[in-house]
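Architecture at a glance
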Amino acid sequence: MASRVAAGVSLEFAGLSRLQAAVGQGFGVVVGQETGSSAERTTALLNGDPTRYRFTPQEDAFLEELEQACFQFFWDEVNPSTGLVKDRSQAAGPDSRNVASIAATGFGLTALCIADHRGWQEPRAIRERVTTTLRFVESRVPQAHGFFCHFLNIQNGERVLQSEVSSIDTAIFICGVLTCAAYFDDIEIRSLANRIYQRMDWNWLLHGDKTLSMGWTPEHGFIRSRWDSYSELMMVYLLGLGSSATAMSKQSWDAWTRPYFEFNGVRYIGSHAPLFVHQYSHAWFDFRGKRDKYADYFTNSMVATKVHKLWCLELSREFPDYAEDMWGITASDSARGYAVWGGPPAMGRIDGSIVPCAAGGSLAFLPEEAVRVLRNIREKYEQRVWRRYGFVDAFNPLTNWYSQDVIGIDVGITLLMAENARSGFVWEQFMKNEAARNGMARAGFHAVTPAEAVAPPKLPVPNGYPIFVIH
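Summarised in this report is the structure supplied together with it. (Residues numbered from 1 in each chain as written. Predicted model: local features only at pLDDT ≥ 70, side-chain atom pairs only at ≥ 80, totals over all residues. Heavy atoms only, no water.)

The number of helices and strands found in the protein is 16 helices and 26 strands. Among the 471 residues that make up the protein, the fraction classed as buried is 61%. Partitioning the contacts of the protein with sequence separation of at least 6, the portion at a separation of at least 24 is 71%. Looking at the protein as shown, the accessible area adds up to about 18100 Å², and 49% of this sits on carbon and sulfur atoms. (Helix = DSSP H or I, 4+ residues; strand = E, 2+ residues; numbered from the N terminus. Buried < 20%, exposed > 50% of the residue type's maximum accessible area, 1.4 Å probe, protein only. Contact = heavy atoms within 4.5 Å. Areas by Shrake-Rupley, 256 points an atom, 1.4 Å probe, with all protein chains shown as cover.)

Structure below.
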């Protein structure tokens, strides 16, 4: 039984349809029946272990340049008295906008660790910037039960744009805070980081439910939407589980659903959301070689990214700029303003635009393919897409539209995933935190065993779980 839920999508439920099938390789992926070139393309997409890839000297030099350009955003586009980082800026350099993002600030703190490790700035200046940021946020930035507003005035930390107290944006910030605590051998940094993290009231955010609220506003109270289905949510729950033994029950980890999507015979855990949902938690938490009772999420993200690439290649019949070395759509600027777009299934008004951070955030999952895309973008369109902070946020070669801005979180995911793909540095530092390890342990993660990796049992999709079949 199936019902239409969106254009090109049908919905079925495990236990009620022929799609109560095996979850291949134990991580939520099944290859169905195909013929001809489609089967060959799918087989090629699923081959390879991204953790074994080594960048060529030319690729590594390119990524070094890209990372340095991304870091420059986090060094320049900040108020040095508060440490808060702009939400967005002109790609060519500083402008007069004064809206900061708590999430961009979290990416910025992690960027400072990378810069110190790579020697891009004077160590004392970097450490002072970290300390300034943590002092200001801990003592001056308004918070509700330890959670911060999405957008802030860069000069004084006050709420702007009537933004919500955001659980996900706070989580991104906290990941940056904990990265600094692990990396810098500094008593004050670690003390500030611990106070900021431990004052988060997870029971308040649960608001009497098993799943977390997405946020709260003083005008309307808790946002109705909850973190109840697979997305970038994993970092939020793992931080809650890791903060103390009693902060959050494992029931909350088990309470959110993991819908299955099927595209061209390939099945994976997914979401009706852009590609970034498969990236953000992986920027800090190291899921490689680990799984809980539901999935190997690193492998799942790799497969979801490969499916996204295949989907873009199929779109080339309508938008001929998409190709093996030119693909990637995720939430970004567009010619019509900010767009929450991507797929599969298609969401938003897809128009042939390319979003560089889609490939940038995929470097850890598809290193060879993603770096090929990024180098090709640079080589083909350098005069229009490459600026002081690296790539512009998005562009459309079919219509000759090029964004004039960069967005902090898009620059940030590119920087962090490039560094993880090259060295694993962010994973290594962040996972030094006992809270990170405890969060994963309490969620039930364990090392993938040889049996699970080589010849796992083909488990059925859990009863009642939706399967979205994309046509």
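A few words now on empty space enclosed by the protein. For the structure on display, the rule yields three cavities of 30 Å³ or more. The calculated volume of the largest cavity comes to roughly 100 Å³. If you trace the largest cavity, you find 14 residues lining it, with Phe391, Val392, Asp410, Val411 and Thr414 closest to the centre. Of all the secondary structure elements, the ones that give two or more residues to the lining of the largest cavity are helix 2 (57–76), helix 11 (356–360), strand 20 (390–391), strand 23 (405–407) and helix 13 (408–423). For the lining of the largest cavity, the element with the highest residue contribution is helix 13, accounting for three residues. For the lining of the largest cavity, a count of residues per class yields 10 nonpolar, two polar and two charged. Looking at the lining of the second largest cavity residue by residue, the classes come out as seven nonpolar, five polar and no charged. (1 Å grid on protein atoms, 1.4 Å probe; cavity = no way out; pocket = protein on both sides within 12 Å on 5 of 7 lines; lining within 4 Å. Points joined across faces, edges and corners; volume = space filled by probe spheres on them. Nonpolar A, V, L, I, M, F, W, Y, C, P; charged D, E, K, R; others polar.)

As a further point, take the environment of Thr449. Inspection of the secondary structure assignment puts Thr449 in the loop between strand 24 (446–447) and helix 16 (450–454). Residue class for Thr449 comes out partly exposed when judged on its relative accessible area of 32%.

With their axes 9 Å apart at the nearest point, helix 3 (residues 102–118) and helix 13 run at an angle of 35° to one another. Seen along the crossing, helix 3 lies across helix 13 with a hand that is left-handed. Contact residues: Ala103, Ala104, Phe107, Thr110, Ala111, Ile114, His117 and Arg118 in helix 3; Gly408, Ile409, Gly412, Ile413, Leu415, Leu416, Glu419, Arg422 and Ser423 in helix 13. Broken down by class, the residue content of the contact of helix 3 with helix 13 amounts to nine nonpolar, five polar and three charged. (Axes fitted to C-alpha atoms, helices over the stretch in contact; angles between N-to-C directions. Left-handed = near helix turned anticlockwise from the far one by under 90°.)

Next up on the list: helix 3. With 17 residues, helix 3 should reach 24 Å at 1.5 Å per residue; the first-to-last C-alpha distance of 24 Å fits that figure. Summarising burial for helix 3: 14 of the 17 residues are buried, a large majority. Just downstream of helix 3 lies Gly119, where phi reads positive at about 75°. (Expected span 1.5 Å × (residues − 1).)

All chains considered together, the criterion is met by 34 aromatic pairs. Measuring from centroid to centroid gives 5.8 Å for Phe107 and Tyr280, while their planes differ by 85°, and the two rings are edge-to-face. In this pair, Phe107 sits in helix 3 while Tyr280 sits in the loop between strand 15 (266–269) and strand 16 (290–291), placing the two residues 173 residues apart along the sequence. Here Phe107 matches Tyr280 in class, with each residue buried. Their ring planes at 90° and their centres at 5.0 Å tell us that Trp386 and Phe391 sit as a pair that is edge-to-face. (Phe/Tyr/Trp six-rings, centres within 6.5 Å; stacked < 30°, edge-to-face > 60°.)

This paragraph deals with the nonpolar core. Core analysis: the biggest nonpolar cluster contains 155 residues, and Trp202, Met235, Leu239, Trp253, Trp284, Phe285 and Tyr297 have the highest contact counts within it. Setting aside residues no more than four positions away along its own chain, Met235 makes contact with Ile168, Ala171, Ile172, Cys175, Tyr280, Ser281, Trp284 and Phe285. (Core = buried A, V, L, I, M, F, W, Y, C linked by side-chain atoms within 4.5 Å.)

A few words now on the sheet that holds strand 11 (residues 215–217). On the basis of which strands lie adjacent, the open sheet formed by three strands has the order 9-11-12 and antiparallel pairing. Strands with a single pairing partner mark the edges of an open sheet, and in this sheet they are strand 9 (165–166) and strand 12 (221–222). The sheet contact formed by strand 9 and strand 11 spans two bridges and is antiparallel. What sits directly across from Ser166, in strand 11, is Gly215. (Pairing = 2+ DSSP bridges.)

Residues Val266 and Tyr268 point to one face of strand 15 and Arg267 and Ile269 to the other, with burial holding for every one of them. Here strand 14 (residues 260–263) runs beside strand 15; their pairing, made up of four bridges, is antiparallel. Residue pairing in the sheet places Glu262 in a bridge with Arg267 of strand 15. As consecutive antiparallel partners, strand 14 and strand 15 are separated by two residues, and within that stretch Asn264 has a phi angle of approximately 50°, a positive value.

Scanning the entire structure with this criterion turns up 27 salt bridges. Put simply, Arg422 and Glu67 hold a salt bridge, and the shortest N to O gap is 2.7 Å. Taken together, the positions of Arg422 in helix 13 and Glu67 in helix 2 put the pair 355 residues apart, joining distant regions of the chain. A relative accessible area of 17% places Arg422 in the buried class. Taken together, the shared-partner salt bridges in this structure form one network comprising Glu77, Lys86, Arg88, Asp95, Arg97, Asp333 and Asp405. (Salt bridge = Lys/Arg side-chain N within 4 Å of Asp/Glu carboxyl O.)

Right, let's talk about the side chain of Thr82 for a bit. Following the sequence through the fold, Thr82 ends up in the loop between helix 2 and strand 4 (88–90). You can call Thr82 buried: its relative accessible area is 2%. Of the polar contacts made by the side chain of Thr82, one reaches the backbone oxygen of Ile154; its length is 2.9 Å. Setting aside its immediate chain neighbours within four residues, Thr82 contacts Thr132, Thr133, Phe136, Ile154 and Gln155. (Polar contact = N/O pair within 3.5 Å; in protein donor to acceptor, adjacent residues only side chain to side chain.)

Moving on to the side chain of Ser163. Following the sequence through the fold, Ser163 ends up in the loop between strand 8 (151–153) and strand 9. A polar atom in the side chain of Ser163 sits 3.2 Å from the backbone nitrogen of Phe151.

Okay, the environment of Trp341 next. With respect to the helices and strands, Trp341 occurs in the loop between strand 18 (337–339) and helix 11. Separated by 68 residues in sequence, Trp341 and Ala273 place their C-alpha atoms 7.6 Å apart. Only 3.1 Å separates the side chain of Trp341 from the backbone oxygen of Thr330, close enough to count as a polar contact.

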